[in-house]
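# Structure assessment
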Amino acid sequence: MKFKNKVIFDSSDLNHKDKNIKDSIWTEIGIKLNRNIDDCKKRGKDMRDTYTRQKKKLPTGSAASDKKKNGL
């Protein structure tokens with residue numbers, strides 16, 4: 001999946017640590033959504049945290065497919 005504003009979520013992006021760039025992106029998002037910028041930041045953080053928690057719950061590797069087959 002490709003995001004237009006990945007700099008605010010992708011820590012491997014070179015501009016991820018640049019607060020000014022991230023603030024300007026959040027400002028654009030707030031204007032487009034007609035929302036408070038702090039509310040947009042909080043919602044974005046909540047969405048990222050939820051995604052991360054759900055991703056950790058997913059089984060990985062060959063052991064994961066064995067569990068599905070055996071019903072365990």
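Numbers given for residues are sequential positions, taken from 1 along each chain in its written order. pLDDT decides what is reported in this predicted model: residues at 70 or higher carry local features, side-chain atom pairs at 80 or more are listed and counted, and totals for whole chains, interfaces and linings draw on all residues regardless. Side-chain metrics rest on all non-hydrogen atoms present in the structure, leaving aside hydrogens and water.

Following the sequence through the fold, Lys17 ends up in the segment before α1 (19–33). Each residue is assigned to one of three classes by its accessible area relative to the maximum for its type, calculated with a 1.4 Å probe on protein chains only: buried under 20%, partly exposed between the two thresholds, exposed over 50%. For Lys17, a relative accessible area of 81% puts it in the exposed group. On a C-alpha basis, the gap between Lys17 and Val7 in space is 8.7 Å, while along the polypeptide they are ten residues apart. Put simply, DSSP H or I for four residues or longer makes a helix, DSSP E for two residues or longer makes a strand, and each gets a number counted from the N terminus.

Turning to the confidence of the model for the protein, a few remarks are in order. Summary of the metric used: pLDDT quantifies the predictor's per-residue confidence within the range 0 to 100. Mean pLDDT over the protein stands at 85; residues scoring 70 or higher make up 81%. By mean pLDDT, helix α3 (residues 61–70) is the weakest element of the protein at 61, and α1 is the strongest at 94.

On to the layout of surface pockets. Estimates place the volume of the second largest pocket at around 150 Å³. When residues of the lining of the second largest pocket are traced back to their parent elements, those giving at least two are α1 and α2 (37–57). Each residue gets one label: Ala, Val, Leu, Ile, Met, Phe, Trp, Tyr, Cys and Pro are nonpolar, Asp, Glu, Lys and Arg are charged, and the others, such as Gly, are polar. Residues that form the lining of the second largest pocket fall into these classes: three nonpolar, one polar and six charged. Think of a 1 Å grid over just the protein atoms. A cavity is a set of points where a 1.4 Å probe fits yet cannot get out, a pocket is an open set with protein on both sides within 12 Å along at least five of seven lines, and lining residues have an atom within 4 Å of a point. Grid points are joined across faces, edges and corners, and a volume is the space filled by probe spheres set on the points.

Glycine aside, negative phi is the norm for most residues, and most peptide bonds take the trans geometry. Unlike most non-glycine residues, Asn34 shows phi in positive territory, near 55°. Structurally, the position occupied by Asn34 is in the loop between α1 and α2. Under the relative-accessibility criterion, Asn34 is labelled exposed at 70%.

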